[in-house]
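# Per-entry structural report
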Amino acid sequence: MASCSSLLSEEQFQCSICLDVFTDPVTIQCGHNFCMTCITTYWESSDLLCQCPMCKKTFDKRPDLFVNTFISEMAAPFRKPVPEKATSWSDQFPTLPAVSCDICTGTKLRALKSCLVCQASYCETHLEPHQRVTGLKKHKLINPVENLDDRMCQKHERPLELFCRTDQTCVCHFCTEGEHKNHDTALLEEEYGKRKADLGKTKEEIQQLVKERLTKVQDIKLSIDVSKRDTESEISKSVEVFTAVVHSIERSQAELIKVLEEKQKAAEQKAEEFIKELEQEITELQRRNTELEQLSHTQDHLLFLQNSSSMSTPPHTKDWSRISLHCSVGTTGRALSQLEDTLLSEIKKFHHAELKTIQQYAVDVTLDPDTAFPTLILSNDGKRVRRGASEKNLPDNPERFSLCHCVLGKQSFSSGRFYYEVQVKGKTDWALGVARQSANRKGQITLAPLNGFWTIWLRNGDEYKALAKPAVLISLREKPQKVGVFVDYEEGQVSFYDVEAKSHIYTFTGCTFTEKLYPYFCSSINVSSKNSASLIITPINPE
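Small disclaimer: the values here were computed from a predicted structure and weren't measured.

### Let's talk about the overall build of the chain
A count of helices and strands for the chain gives 9 helices and 21 strands. If one aligns the C-alpha atoms of the chain with their principal axes, the spans along those axes are about 210 × 70 × 40 Å. When the 543 residues of the chain are sorted by exposure, 34% land in the buried category. For the chain, the computed accessible surface area is about 34,000 Å², with 53% contributed by carbon and sulfur atoms. Charge centroids of the chain, computed over 67 positive and 74 negative side chains, lie 5 Å from each other.

The following block contains the structure:
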C-alpha cells in the first residue's frame, strides 16, 4: 500500500499568496487555506473589507484565525527546515536602525529587514517566509528603513535599483527605457561599491592630510619652542651687552668727572699760589712806593742822593704776562672718543655672537651655469665666478641673464633661514644678495626689492650701497674681504655682514616673500684689469 506522502504533492500544500509550503496554515470561512502571516499581511495592506484572495468572497468583519493543525501536520513533510540562528538579529547587528516590524500586533518588535516589493518591514519571525518561500526569496530586501516610499520610483512605483551616472540620481528599471535611456547606469550595489572604494581613497587622503597637518602643528610648536629659546638667549645677550654699555658709560662719566674735578682742584691750588706770590710782590712794591714817597719829600741833598741810587729801579718781580690759568679743553671729547671705542668694542662682541649664531644656518651654495651671463667663467666645482674676455655661444634659455654679468645659485629656498659667505677680496665692483624666482633676467636690470632683488654692491672700489628704493649709502670703517648673506624667509629679512670684522653691514626689513629665493652674484665689469678677481663661495668656519 502506498504511503500518504507518496500520494500527496508539495503543490497541494502551497499557499496561494507566498507560493510556498504552508506555515501556520489557517482556513477562512470560504474554505481556502493560507499561511497565517500571508493572509494577515494581505488584509492589513488592503483598504477594502476582508476578502479572500482566491474567490474574492468578502466578509463583514475580519474572521478569527486559528491554525489548522491537520493541514499543518500534513504539510510538515514538505516544509524545508529553517536553520536556527545562534543569536538574534539584534544581538548580531546592534547598530541597525530601530525600525518597528509592520506585521507585529501589540508590542512591535524590531525589524530585521525591509522589503522593497512588499513595502513593509519585518522582524525576525515575520521575515521567515522571505527566507524560505521561493517567490518571496526573489524580493528585494534591505536593511530596515523608516520611509520605504523614498525607495520607490514615484513615477513607475518600482524599486530604485539603478544609479544613473549621467544624471547622478537613483532610478528604476523602467526609467532606463524612458528619459534615462542610453544613459550610463549601474546597479546600486555596483555604484555603492565604487563610491565606497572612492570614499575609502578620499578617507585615506584626508587621513594623510590630517597626519601632515598634525606633523606641521608639531613642527610649529617645536619652532615656537626654538624661537622662545632663541628669544630668551637674545634677550640675555642684549641685557648683557646693554648692561656693559651702561656700565661703560657710567664708568666713563665718573672718570671724566673725576678728571675734571682733579684738574679744577689743581687749577684752584695753582691760582692760590699765584695769588699769594702776587700779593707778596704787591706788598713789596707798595713798601718801595712808600719809601720813594718819603724820599721825594726830603730836603737833605746828601741823604737824597745816597738813597736815590738804590731806589731808582723797581724791585725785582716776576713777568706775569706769560702766566695764565688754562681751562680743560678737549677733555670731554677725548672721553667720548674713548667711550666710542669701548662701545664699538662691545658692539663688535655682540655682532660676533650674532654672526656665530647665524652661521648655524649655513647652506651649501653652488653656481648655476644655466643662469650665467655668457662672458662669465665658472669653476668646475661651481664655487667661483669671474668675467672672461669674450662671450661664449650659449643657448639663450629663459633662466639665463642676457645683459648683466650675473649668475644665480642652483639652490632655492622658500622657507626658514639660510646663510652663505662670499669672498670679495681684490675686487673693485661686485653685487651680492638674493633674487626671487620670477625676477626678470633679460635686458638691463634695475636691482631693487620692487623688481625682486635684495642686494648690496661695491662700485669704484670704495662706494658701498644697499640697493633699496631709494639706494642707501653705507659707511664702513673697513673694506670687507668676505661678505656673509643671511635670509630669514618668514621674518622677511635679508642681512649682510663683514665676516672678518664680525660687523653688521645692512639689513632689508619688512620684506614679503611669496616665491622661491635664489642666491645672487654679480661679478660686474672689469676696469683696467683691477676687477679681475673672482667671487668665491667659501666654506663656513665659525670661530
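### Some details on the nonpolar core
Formed by 37 residues in total, the largest nonpolar core has its most connected members in Trp430, Phe508 and Phe521. Ignoring any residue separated from it by four or fewer positions in sequence, one finds Phe521 in contact with Val365, Leu367, His405, Cys406, Val407, Gly409, Tyr420, Val422, Ala431, Leu432, Leu535 and Ile537. The next biggest cluster of nonpolar side chains, apart from the first, holds 20 residues, and it includes Val21, Phe34, Cys38 and Cys52.

### As for the packing of aromatic side chains
Here a ring pair, both rings aromatic, is described through the centre-centre distance and the interplanar angle of the planes. Within the structure shown, the criterion is met by 11 aromatic pairs. A ring pair is formed by Tyr506 and Phe508, whose centres lie 5.1 Å apart and whose planes are at 80°; its orientation type is edge-to-face. Take Tyr506: its relative accessible area is 19%, and that puts it in the buried class. A connected cluster of aromatic rings, assembled from ring pairs, spans Phe401, Phe453 and Tyr520. Over the face of the ring belonging to Phe174 we find Arg158, whose NZ or CZ atom lies 5.5 Å from the ring centre.

### Some words on helix 2 (residues 36-45)
For helix 2, every residue scored as buried is listed here: Cys38, Ile39, Thr40, Thr41 and Trp43. Against strand 1 (25-27) and strand 2 (33-35) lie the buried residues of helix 2.

### Concerning the packing of helix 7 (residues 188-296) against helix 8 (residues 301-311)
In contact at an axis separation of 11 Å, helix 7 and helix 8 are set at 155° when each is read in the N-to-C sense. It follows from the interaxial angle that helix 7 and helix 8 lie roughly antiparallel. As helix 7 runs across helix 8, the sense of the crossing is left-handed. Of the residues in helix 8, those in contact with Arg288, Glu291, Leu292 and Leu295 of helix 7 are Leu303, Phe304, Asn307, Ser308, Ser310 and Met311.

### Quick look at the pattern of salt bridges
A complete count under the given rule lists 19 salt bridges for this structure. One salt bridge connects Glu179 with Lys155, and the closest N-O pair in it is separated by 3.9 Å. A residue pair is termed long-range when its members are at least 10 positions apart, and Glu179 in the loop between strand 7 (169-171) and strand 8 (185-187) and Lys155 in the loop between strand 5 (141-142) and strand 6 (162-164) qualify at 24 residues. Take Glu179 and Lys155: they sit in the same class, and that class is exposed. The shortest N-O distance in the salt bridge between Arg213 and Glu212 comes to 3.9 Å. One continuous salt-bridge network, built from bridges that share partners, spans Arg165, Asp184, Glu190, Glu191 and Arg195.

### Overview of the environment of Ser9
Looking at the secondary structure, you find Ser9 in the loop between helix 1 (4-7) and strand 1. Note on Ser9: relative accessible area 29%, which makes it partly exposed. Residues Ser9 and Ala75 lie 66 residues apart in sequence; the distance between their C-alpha atoms is 9.4 Å.

### Here we look at the pairing of strand 12 (residues 417-423)
Among the 7 residues that make up strand 12, 5 are buried, leaving the element largely enclosed by the rest of the structure. When strand 12 meets strand 17 (residues 482-488), the two strands line up antiparallel, connected through 7 bridges. Bridged to Val422 within strand 17 is Val483. Looking at chain direction, strand 12 and strand 21 (residues 535-538) are connected through 3 bridges and run antiparallel. The residue of strand 21 that forms the bridge with Val422 is Ile537.

### Focus on the sheet that holds strand 6
Spatially, the 3 strands line up as an open sheet ordered 7-6-8, and their pairing is antiparallel. For this open sheet the edge positions go to strand 7 and strand 8, each flanked by a neighbour on one side alone. Here the average twist between neighbouring strands, direction ignored, is 35°. Pairing of strand 6 with strand 8, which is carried by 3 bridges, proceeds in the antiparallel orientation.

### Observations regarding the sheet that holds strand 5
Pairing is antiparallel across the open sheet formed by 3 strands, whose spatial order is 4-3-5. With partners counted over all chains shown, the strands left at the sheet margins are strand 4 (120-122) and strand 5, one partner each. Of the pairings in the sheet, the one linking strand 3 (residues 113-115) to strand 4 comprises 3 bridges and is antiparallel in character. Bridge assignment links Cys115 to a residue of strand 4, and that residue is Ala120.

Basis of the calculations
- For every chain, the first residue of its written sequence is number 1, and the numbers climb from 1 along that sequence.
- Residue-level local features of this predicted model are given only where pLDDT is at least 70; pairs of side-chain atoms are given and counted only at 80 or more, and the full residue set underlies all totals for whole chains, interfaces and linings.
- The basis for the side-chain values is all heavy atoms of the structure; hydrogens and waters are excluded.
- Per the convention used, a helix needs a DSSP run of H or I reaching at least four residues, while a strand needs a run of E reaching at least two, with both numbered from the N terminus.
- The buried label applies to any residue whose accessible area, calculated with a 1.4 Å probe on protein chains only, is under 20% of its type's maximum; exposed applies above 50%, and partly exposed to all values in between.
- Each accessible area value is a Shrake-Rupley result obtained with a 1.4 Å probe; residue values ignore everything except the protein chains displayed when judging cover.
- His is not counted here, nor are the chain ends, while Lys and Arg score as positive and Asp and Glu score as negative.
- Think of each charge as sitting on NZ of Lys, CZ of Arg, CG of Asp or CD of Glu.
- Nonpolar core, defined: a set of buried Ala, Val, Leu, Ile, Met, Phe, Trp, Tyr and Cys residues in which side-chain atoms within 4.5 Å join the residues together.
- Only heavy atoms matter for contacts: two residues are in contact if any of them lie within 4.5 Å across the pair.
- Ring geometry is summarised as follows: Phe, Tyr and Trp rings, the Trp one being its six-membered ring, pair when their centres sit within 6.5 Å, and such pairs are stacked at plane angles under 30 degrees, edge-to-face over 60 and tilted between the two.
- Either the NZ atom of lysine or the CZ atom of arginine qualifies as a charge over a ring when it sits within 6 Å of the ring centre and within 35 degrees of the ring normal.
- Only the stretch in contact is used when fitting a helix axis, every axis being a line fitted to C-alpha atoms; angles between N-to-C directions are given from 0 to 180 degrees.
- An angle below 35 degrees is read as roughly parallel, one above 145 as roughly antiparallel, one from 65 to 115 as roughly perpendicular, and any other as oblique.
- Here a crossing is called left-handed whenever its near helix is offset anticlockwise from the far helix by less than a right angle, and right-handed whenever the offset is clockwise.
- By definition here, a salt bridge exists when the distance from a side-chain nitrogen of Lys or Arg to a carboxyl oxygen of Asp or Glu is within 4 Å.
- Only strands joined by at least two bridges in the DSSP assignment are considered to pair.

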